[in-house]
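# Fold and contact review
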Amino acid sequence: MPPVVQSILLLAASNVFMTFAWYAHLKNLGHRPWFIAALVSWGIALFEYLLQVPANRIGYGTLTLPQLKIIQEVVSLTVFVPFVLLHAAAAQVGLPVGSAVHPRRCVLHLPELT
């Protein structure tokens with residue numbers, strides 16, 4: 001398998017773990033103290049790093065650092081949109097889907113800061 005494909009697949013898998021580490025606790029551990037959520041998130045994030053570090057090492061010889069970062073951001077949005085659709089509240093669906101197409105849309109929909 002070509003290094004670019006290996007790198008993209010590993011980045012995609014790592015991003016699934018990281019998305020859950022960053023956001024799943026908001027719904028699943030909202031009733032628990034923040035430090036419990038942090039410990040659970042760190043445990044999940046370990047698996048993200050076990051995939052992300054090899055992904056970047058494999059891809060770096062063939063891809064440049066900026067290319068790796070851009071691929072990571074595309075993968076991040078590609079993973080995040082289905083996560084929101086499947087895991088978050090239905091009312092939040094329109095924003096991330098639109099933001100994946102046009103990221104500035106996300107900023108325009110931020111709640112007012114008062």
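Residues numbered from 1 in each chain as written. Predicted model: local features only at pLDDT ≥ 70, side-chain atom pairs only at ≥ 80, totals over all residues. Heavy atoms only, no water.

### Comments concerning helix α2 (residues 34-60)
- Taking 1.5 Å per residue, 27 residues should reach 39 Å; α2 reaches 36 Å between its end C-alpha atoms and fits that length.
- Buried residues of α2: Ala37, Ala38, Ser41, Ala45, Glu48, Gln52, Ala55 and Gly59, and no others.
- Its buried side turned inward, α2 meets α1 (3-28) and α3 (65-87). (Helix = DSSP H or I, 4+ residues; strand = E, 2+ residues; numbered from the N terminus. Expected span 1.5 Å × (residues − 1). Buried < 20%, exposed > 50% of the residue type's maximum accessible area, 1.4 Å probe, protein only. Contact = heavy atoms within 4.5 Å.)

### A look at the confidence of the model for the chain
- Mean pLDDT over the chain works out to 81, with 76% of the residues at or above the 70 mark.
- Per-element mean pLDDT across the chain ranges from 51 in helix α5 (residues 104-108) up to 92 in α2. (pLDDT = per-residue confidence, 0-100.)

### Section: the side chain of Asn15
- Position of Asn15 relative to the elements: it lies in helix α1.
- Residue Asn15 is classed as buried on the basis of its relative accessible area of 4%.
- If we ignore the near neighbours within four places in the chain, the residues touching Asn15 are Gln72, Val75, Ser76 and Val79.

### Thoughts on the nonpolar core
- Among the nonpolar cores identified, the biggest contains seven residues, and these are Leu11, Ala55, Leu63, Leu68, Ile71, Val75 and Val79.
- The element that contributes the greatest number of residues to this core is α3, accounting for four residues.
- When residues no more than four places from it in sequence are discounted, the contact partners of Val79 are Ala12, Asn15, Val16 and Thr19. (Core = buried A, V, L, I, M, F, W, Y, C linked by side-chain atoms within 4.5 Å.)

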